[in-house]
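Tertiary structure, described
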2 protein chains.
Amino acid sequence: MPRGSASAREPLSRGRVLRAAIALADAEGIDAVSMRRLAEGLGVVPMALYKHVADKDDLLDGMVDTLIGDMPALQAPRPTQWRGAVRDTILGARAVVAAHPWARRAIETRTVRTPAVLGHMERLTQLFLGAGFSPDLTHHVMHLLGNRIWGFSPELFNDPGGAPSPTKRRTSGTPDPQDYPGILLIAADAQARRPGAVGCDEDFEFDFALGVILDGVARLHRSKWASDAARDGG
Amino acid sequence: MPRGSASAREPLSRGRVLRAAIALADAEGIDAVSMRRLAEGLGVVPMALYKHVADKDDLLDGMVDTLIGDMPALQAPRPTQWRGAVRDTILGARAVVAAHPWARRAIETRTVRTPAVLGHMERLTQLFLGAGFSPDLTHHVMHLLGNRIWGFSPELFNDPGGAPSPTKRRTSGTPDPQDYPGILLIAADAQARRPGAVGCDEDFEFDFALGVILDGVARLHRSKWASDAARDGG
DNA sequence: TGACCGGGTGTACATCGTATGCCTACGCTC
DNA sequence: GAGCGTAGGCATACGATGTACACCCGGTCA
């Protein structure tokens, strides 16, 4: 009865819920995604969502999963091209994550491994194995890449999220820049190299770091690190 | 009146609040740290905490800050020893973080840079600058290290936190291991190398990754990467 | 003496996730 | 068609959380 018009509202589904949640997070940030706000946007009562989603954790997992499901998959590259293929795969992931500012934090906080997440990890793993990397080295390389496989690295100097309101943070004294001459020096240097820019060039930093890592990996691979059976105590 | 004994309770202070919060997090996990639980443990009403802490974010910031303040600072090393000094500094941080399981997640989610955080970053920065790294290269190296400066890297394969209760996660189907042969292969290989072990050898993976990164950095430094003025378009 | 003020108290509110039970419409079998 | 299980949306309610706001008490200082 309270339902203004009993029109043929298309029924909910897990996919529709997840897509609505992603849209809401895109529009208003991840903190705006509460079961109540989400249900409201779908013209439905909050508890209705629980027919399609186990709980809020499952919702977040689903959001991350559908997002990562959108990441492009490359055609099988030639084994000699593994370096470029890895870079392309990771930069493709980076593009997807960059389009959804909430995704970085969401991926970091998720704990379970959903199919799309595993699929992305599997593709990268196959690139290394296909290039002749040993399973052992491949394993270590995946750890070495860490969250960089998702196309992001922690923001060391920038502040993610909104600007810290100036009225807050009164209890802990604001640190004095003069106490950190080294940081000040590299900040000034960066500023001089990119006049007018705010913050660091995250895209450059990411590609730089990825390059250093893949160079190191390539060197290990060439040195037949993989074929040495006994490398540590175990 | 409700205060059982009006004994001379030692007054609260920011330090006492933060130490109590850390102890609570150590004992029962970070989720147990609510303003109410914390106040209860201190024999005080919840709102009393707000006289020493701006809000819950400030509390978390303070916890991280005092924790990082405990990290050991090395004596100034000789410039030729920068690699070992960096490694020791980071492994020292790792030891502190490892002693407080909640710290990893807490550090990741914090956004503001508190004095102790900046101090740790400053010390590392100085190690590179002192070894003759250019400010530019030092800057990139700090980004390259990322969260690894805190002594942890994302857990790719393990599940942090409590075991996922088997009754949950019913909505999204559990993935079939057979769909991920590459991951399965490296997991089986790791299992064969360390029979009876559960999960990955995080300590080894961390040191391995740190070694690859520092090797790459050393090579860049030796190749006088820093002295090339024009390296990209900008 | 009286004003101030640092610090602890009490009450109250908005918001959140979600347990539980009900109600309705559809599709199945007999 | 009669009976009925089931999927999906609804209504209510509970406990927990962060924190705004007003108060009050004991000291210090003019």
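All values derive from a computational prediction rather than experimental measurement.

Okay, the overall build of chain A next. Helix and strand counts for chain A come out as nine helices and zero strands. Counted from the first residue to the last, chain A has its helices and strands arranged as α-α-α-α-α-α-α-α-α. Across the 234 residues in chain A, those meeting the buried criterion constitute 46%. The long-range share in chain A, meaning contacts at least 24 apart out of those at least 6 apart in sequence, stands at 75%. With the model as given, the accessible surface of chain A reaches about 11,700 Å², and the carbon-plus-sulfur share is 56%.

All names here are of chain A. Overall, the coordinates contain eight aromatic pairs over all chains when judged by the stated rule. Between W82 and F133, the ring centres sit 5.0 Å apart and the planes meet at 75 degrees, which makes this aromatic pair edge-to-face. Taken together, the residues W82 in helix α4 (residues 82–98) and F133 in the loop between α6 (115–130) and α7 (135–145) connect sequence positions 51 residues apart. On the basis of relative accessible area, F133 is assigned to the buried category, the value being 4%.

Take the interface of chain B and chain A next. Residue-level contacts link 74 residues of chain B with 74 residues of chain A. Between chain B and chain A, roughly 6,600 Å² of surface is buried when both sides are summed, and carbon and sulfur atoms account for 62% of that area. Applying the counting rule to chain B against chain A returns 16 residue pairs in polar contact (both at pLDDT 80 or more). Elements with a minimum of two residues in the side of chain B that touches chain A: α3 (56–69), α5 (103–109), α6 (115–130), α7 (135–145), α8 (181–193) and α9 (202–222) of chain B. Ranked by residue count, the leading element in the side of chain B that touches chain A is α9(B), at ten residues.

Glancing now at the pattern of salt bridges. Residue and element names in this part refer to chain B. In this structure the tally under the stated criterion is 22 salt bridges over all chains. Linking R37 and E28 is a salt bridge whose minimum nitrogen-to-oxygen distance equals 2.7 Å. The residue D57 makes a salt bridge to R110 at a minimum N-O spacing of 3.4 Å. Of this pair, D57 sits in helix α3 while R110 is found in the loop between α5 and α6, placing the two residues 53 residues apart along the sequence. Overall, D57 belongs to the partly exposed group, its relative accessible area being 40%.

Quick look at the relation of the copies chain B and chain A now. When chain B is brought onto chain A, the operation consists of a screw motion whose angular component is 180 degrees and whose axial shift is 0.0 Å, with 0.1 Å RMSD remaining. Both copies are brought into coincidence by an operation consistent with a two-fold rotation axis.

Moving on to the UniProt feature "DNA-binding region" (unreviewed entry) in chain A. Using the residue numbers shown here, the UniProt feature "DNA-binding region" (unreviewed entry) corresponds to residues 34–53 of chain A. The distance separating the terminal C-alpha atoms of residues 34–53 of chain A is 13 Å; by composition the span is 35% helix and 0% strand.

Below, the discussion takes up the protein's contact with DNA strand C. With respect to spatial proximity, 19 residues lie near DNA strand C, and among them A:M35, A:R36, A:K56, B:K51 and B:H52 are the closest. Near-protein atoms of DNA strand C (within 4 Å) split between backbone and bases, with sugar and phosphate holding 44%. The contact in question runs from a phosphate oxygen of DNA strand C to an N or O atom on the side chain of A:K56, over 2.7 Å. B:K51 places a side-chain nitrogen or oxygen 2.7 Å from a base oxygen of DNA strand C. Its residues assigned to classes, the surface near DNA strand C shows ten nonpolar, two polar and seven charged.

Taking 1.5 Å per residue as the helical rise, α8(B) with its 13 residues ought to reach 18 Å, and the 18 Å between its terminal C-alpha atoms agrees with that figure. Taken as a whole, α8(B) has its buried residues at B:G182, B:I183, B:I186 and B:D189. Across the axial projection of α8(B), the buried residues extend over an arc of 130 degrees, all falling on one side. Where α8(B) is buried, its residues meet α6 and α7 of chain A.

Let us now look at the environment of A:T111. As for its position among the elements, A:T111 is in the loop between α5 (103–109) and α6. Sequence-wise, A:T111 and A:D61 are 50 residues apart; in three dimensions their C-alpha atoms are separated by 8.5 Å.

Residues and elements named next belong to chain B. At a minimum axis separation of 11 Å, α7 and α9 run at an interaxial angle of 165 degrees. What the angle tells us is that α7 and α9 run roughly antiparallel. As for the relative orientation of α7 and α9, their crossing is right-handed in sense. Residues L137, V141, L144 and L145 of α7 touch α9, and the partners they reach there are L210, I213, V217, L220 and H221. Classifying every residue of the contact of α7 with α9 gives eight nonpolar, one polar and no charged.

Within the secondary structure, B:H140 sits in helix α7. Of note is the side chain of B:H140, whose polar atom sits 3.0 Å from the side chain of B:D136.

Turning to its location among the elements, B:R16 is positioned in helix α1 (residues 14–28). In contact with B:R16, not counting residues within four places along its chain, are B:E10, B:P11 and B:L42.

This part covers the packing of α6(B) against α7(B). Residue and element names in this part refer to chain B. Where α6 contacts α7, the two axes come as close as 10 Å, and the packing angle between them is 135 degrees. In terms of orientation, α6 and α7 fall into the oblique class. Pair α6 / α7 crosses with right-handed handedness. For the pair formed by α6 and α7, the contact residues are M121, L124, T125, F128 and L129 on the first element and P135, T138, V141, M142 and L145 on the second. Classifying every residue of the contact of α6 with α7 gives eight nonpolar, two polar and no charged.

Parameters and conventions
- Residues numbered from 1 in each chain as written.
- Chains lettered and ligands numbered in written order.
- Predicted model: local features only at pLDDT ≥ 70, side-chain atom pairs only at ≥ 80, totals over all residues.
- Heavy atoms only, no water.
- Helix = DSSP H or I, 4+ residues; strand = E, 2+ residues; numbered from the N terminus.
- Buried < 20%, exposed > 50% of the residue type's maximum accessible area, 1.4 Å probe, protein only.
- Contact = heavy atoms within 4.5 Å.
- Areas by Shrake-Rupley, 256 points an atom, 1.4 Å probe, with all protein chains shown as cover.
- Phe/Tyr/Trp six-rings, centres within 6.5 Å; stacked < 30°, edge-to-face > 60°.
- Buried area = accessible area lost by both parts, 1.4 Å probe.
- Polar contact = N/O pair within 3.5 Å; in protein donor to acceptor, adjacent residues only side chain to side chain.
- Salt bridge = Lys/Arg side-chain N within 4 Å of Asp/Glu carboxyl O.
- Least-squares fit on C-alpha atoms with pLDDT ≥ 70 in both.
- UniProt positions renumbered as here; feature names shortened; annotations may be inferred.
- Near = heavy atom within 4 Å.
- Nonpolar A, V, L, I, M, F, W, Y, C, P; charged D, E, K, R; others polar.
- Expected span 1.5 Å × (residues − 1).
- Arc of directions from axis to C-beta.
- Axes fitted to C-alpha atoms, helices over the stretch in contact; angles between N-to-C directions.
- Parallel < 35°, antiparallel > 145°, perpendicular 65-115°, else oblique.
- Left-handed = near helix turned anticlockwise from the far one by under 90°.

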